[in-house]
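For reference, the chains in residue letters:
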Amino acid sequence: MNSLARQTSRPLLATRLQGFGTTIFTEMTEQAVAHDAVNLGQGFPDEDPHPAVVAAAHEALDAGHHQYAPGPGVPSLREAIAAHQQRRYGMTFDPSTEITVTFGATEAIAATVLALCEEGDEVLVLEPTYDCYSAVISMAGAKEVRVPLEVPALSSDGGAETGFTLDVNRLISAVTPRTRALLLNSPHNPTGLVLDTATLDAIASCCVENDLIAITDEVYEHLVYEGEHVPLATLPGMRDRTVTISSAGKTFSCTGWKIGWACASPELTGAVRAAKQFLSFAGGTPLQHAIARALSLPDDTISEVTATHRRRRDKLVEGLRRLGVPALRPAGTYFVTADLAPLGHSNAMEFCRWAPSGIGVAAVPFGAFVLDPEPVRSLVRFAICKSEHVLAEGLRRLESLARDPG
Ligand code: PMP
Ligand code: GLN
């Protein structure tokens, strides 16, 4: 115990941050680095963004964009986001009052939840749950209410093309008079589920009938391989009760730039900005300029990223299945779900803690996204956003398990 800890009889860490530990992504990447493992854990690409996007960042630095951006974001980026929402989804947002640039989607989610939730308010989330949702809901003093997705049976012939699904009735029955908001992630990390229009229609009706605010995390909007991404805000009654959140990280393979945004009605935007100004105020001015340029490049800059990831998804899924590992082919995102039980590893948490040193592969256990790990005990999440030779090397290392089941 250090001297500061001796001064106080209570824990240093505030109650609202207790129990979250260090994120699983940090833990697994640290293990990958320590053991020089193939990192199929944390979702970040190992290849550079499109050269035009990198060039735009260099140009922004050379042009002298070194000082604070306006709190809501540089005007050219807000205009480019508005044009993107219009072009892709037919949605109109006023860049001056309805778009806020944030430090990644993470800050947009935090600002929105902190701005909108009173203590004791309930916020619905899908489970498996992306980690920052739980932490930020707790920081706001609100209560997270998890709506579990249905877990598919993964068959050993790899045939389980029906992945995780949402039974909307479970979501509807989780609504109470205390429910303030629904924080919805589609395409969904970690399952790869892309909610279809019928499901989104039912969710929209639920929000309208119960007067809920929707906060949508759409960071994988352009990483959809089957079906299409439909923003919840495009559905009837949702335009003015939704905060639509996304970021440039996945779309342009620059996760470290942390340029995100929130699009919403002027009233909701006012609330988001009220919180955001005291979180980071503003960040990454030159990178904001670069993403403004990136969003204005021809659309095939984005579709190339999608096509590359679709190829990598298929390579990883087929490679895993060849090893006798049931693997879900995700409709979207950076992630493949695999069941390691047939290889003798029925405890994914133990496997993921051992594998970086054991076979030189890092992955993320599904247990990190759920409160009760039992139904997903043997499931791991493998990232597909890695170059082909890295995926091939990961599969080669996993092959030792197939030869010699643990
Ligand atoms: N939401 C989900 C579902 C994610 O997977 C991630 C990881 N990038 C984020 C939000 C965070 O996005 P950003 O890096 O833009 O903050
Ligand atoms: N979204 C990334 C993932 O799911 C991780 C981002 C982070 O480390 N916070 O792997």
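Residues numbered from 1 in each chain as written. Chains lettered and ligands numbered in written order. Predicted model: local features only at pLDDT ≥ 70, side-chain atom pairs only at ≥ 80, totals over all residues. Heavy atoms only, no water.

A few words on the overall build of the protein chain. When helices and strands are counted, the protein chain shows 14 helices and 12 strands. The C-alpha atoms of the protein chain give 21 Å as radius of gyration, which agrees with the globular expectation for 406 residues (22 Å, within 12%). Projecting the C-alpha coordinates of the protein chain onto the three principal axes gives extents of approximately 60 × 55 × 50 Å. Looking at the protein chain as a whole, 55% of its 406 residues are labelled buried. Approximately 16900 Å² of the protein chain is accessible, and the part contributed by carbon and sulfur atoms is 52%. In the protein chain, the 33 positive side-chain charges and the 47 negative ones have mean positions that sit 4 Å from each other. (Helix = DSSP H or I, 4+ residues; strand = E, 2+ residues; numbered from the N terminus. Rg over C-alpha atoms; globule rule 2.2 N^0.38 Å. Buried < 20%, exposed > 50% of the residue type's maximum accessible area, 1.4 Å probe, protein only. Areas by Shrake-Rupley, 256 points an atom, 1.4 Å probe, with all protein chains shown as cover. Lys, Arg positive; Asp, Glu negative; His and termini not counted. Charge placed at Lys NZ, Arg CZ, Asp CG, Glu CD.)

Attention shifts here to the site of ligand 1. With respect to spatial proximity, the complete set of residues near ligand 1 consists of Gly104, Ala105, Thr106, Tyr130, Asn185, Asn189, Asp217, Val219, Tyr220, Ser247, Lys250 and Lys258. Lys258 is positioned with one of its side-chain polar atoms (N or O) 2.7 Å from an oxygen atom of ligand 1. Protein burial of ligand 1: of its 390 Å² of free accessible surface, 92% is covered by the chains. Judged by the proximity of its atoms to the pocket grid, ligand 1 belongs to the largest pocket. (Near = heavy atom within 4 Å. Polar contact = N/O pair within 3.5 Å; in protein donor to acceptor, adjacent residues only side chain to side chain. 1 Å grid on protein atoms, 1.4 Å probe; cavity = no way out; pocket = protein on both sides within 12 Å on 5 of 7 lines; lining within 4 Å. Sits in = over half its atoms within 2 Å of the grid points.)

Let us look at the confidence of the model for the protein chain. In this model, the protein chain carries a mean pLDDT of 95, and residues with pLDDT of at least 70 account for 96%. Per-residue pLDDT, averaged within each element of the protein chain, yields its smallest value for helix H1 (residues 3-7) (63) and its largest for strand S6 (residues 213-217) (99). (pLDDT = per-residue confidence, 0-100.)

As a further point, take the site of ligand 2. Lining the immediate surroundings of ligand 2 are Phe25, Gln42, Gly43, Tyr130, Asn189, Tyr220, Phe335 and Arg381. Between an oxygen atom of ligand 2 and a side-chain N or O atom of Asn189, the distance comes to 2.9 Å. Burial of ligand 2 by the surrounding chains reaches 78%, relative to a free accessible area of 300 Å². Among the cavities detected, the one that contains ligand 2 is the largest pocket. By residue class, the composition of the shell around ligand 2 is 4 nonpolar, 3 polar and 1 charged. (Nonpolar A, V, L, I, M, F, W, Y, C, P; charged D, E, K, R; others polar.)

Next up on the list: the layout of surface pockets. Considered as a void within the structure, the largest pocket measures approximately 1200 Å³ in volume. Lining the largest pocket are 48 residues, and of these Thr23, Phe25, Tyr130, Asp131 and Cys132 lie nearest its centre. For the lining of the largest pocket, the leading source of residues is helix H5 (residues 104-116), giving 7 residues. In the lining of the largest pocket, the residues fall into 22 nonpolar, 17 polar and 9 charged. Together, 23 residues line the second largest pocket, and Phe164, Gly192, Leu193, Val194 and Ala331 are the ones closest to its centre. In terms of residue class, the lining of the second largest pocket is made up of 9 nonpolar, 8 polar and 6 charged. (Points joined across faces, edges and corners; volume = space filled by probe spheres on them.)

Let us look at the sheet that holds strand S11 (residues 364-365). One open sheet holds the 3 strands; their spatial order is S9-S12-S11, and the pairing between them is antiparallel. The open sheet has two edge strands with one neighbour each: strand S9 (335-339) and S11. As judged from the 5 bridges shared by S9 and strand S12 (residues 379-383), these two strands associate in the antiparallel manner. Note on S12: the bridge partner recorded for Phe335 is Ala383. (Pairing = 2+ DSSP bridges.)

This part is about the pattern of salt bridges. Following the criterion strictly, the structure yields 23 salt bridges and no others. Between Asp299 and Arg87 there is a salt bridge; the shortest N-O distance is 3.4 Å. Placement of Asp299 in the loop between helix H11 (285-296) and helix H12 (300-322) and of Arg87 in helix H4 (residues 75-89) is noted, with a sequence separation of 212 residues between them. The partner of Asp299 in a salt bridge is Arg88, with the nearest N and O atoms 3.6 Å apart. With Asp299 in the loop between H11 and H12 and Arg88 in helix H4, this residue pair connects regions lying 211 residues apart in the sequence. Shared partners join several salt bridges into a network, and the residues in it are Glu226, Arg313, Asp314, Glu318 and Arg329. (Salt bridge = Lys/Arg side-chain N within 4 Å of Asp/Glu carboxyl O.)

Looking now at the environment of Leu297. Mapped onto the fold, Leu297 is located in the loop between H11 and H12. Note: C-alpha distance between Leu297 and Val53 (244 residues apart in sequence) is 8.8 Å. For Leu297, the residues in contact, after removing those within four places along its chain, are Ala52 and Val53. (Contact = heavy atoms within 4.5 Å.)

Take the packing of H4 against H11 next. Where H4 meets H11, the axes come as close as 8 Å, and the angle between the chain directions of the two elements is 25°. Judged by the inter-axis angle, H4 sits roughly parallel to H11. In the packing of H4 onto H11, the handedness of the crossing is left-handed. Counting all contacts with H4, which are made through Ser76, Leu77, Ala80, Ile81, His84 and Arg87, the residues of H11 involved are Gln288, His289, Ile291, Ala292, Leu295 and Ser296. (Axes fitted to C-alpha atoms, helices over the stretch in contact; angles between N-to-C directions. Parallel < 35°, antiparallel > 145°, perpendicular 65-115°, else oblique. Left-handed = near helix turned anticlockwise from the far one by under 90°.)

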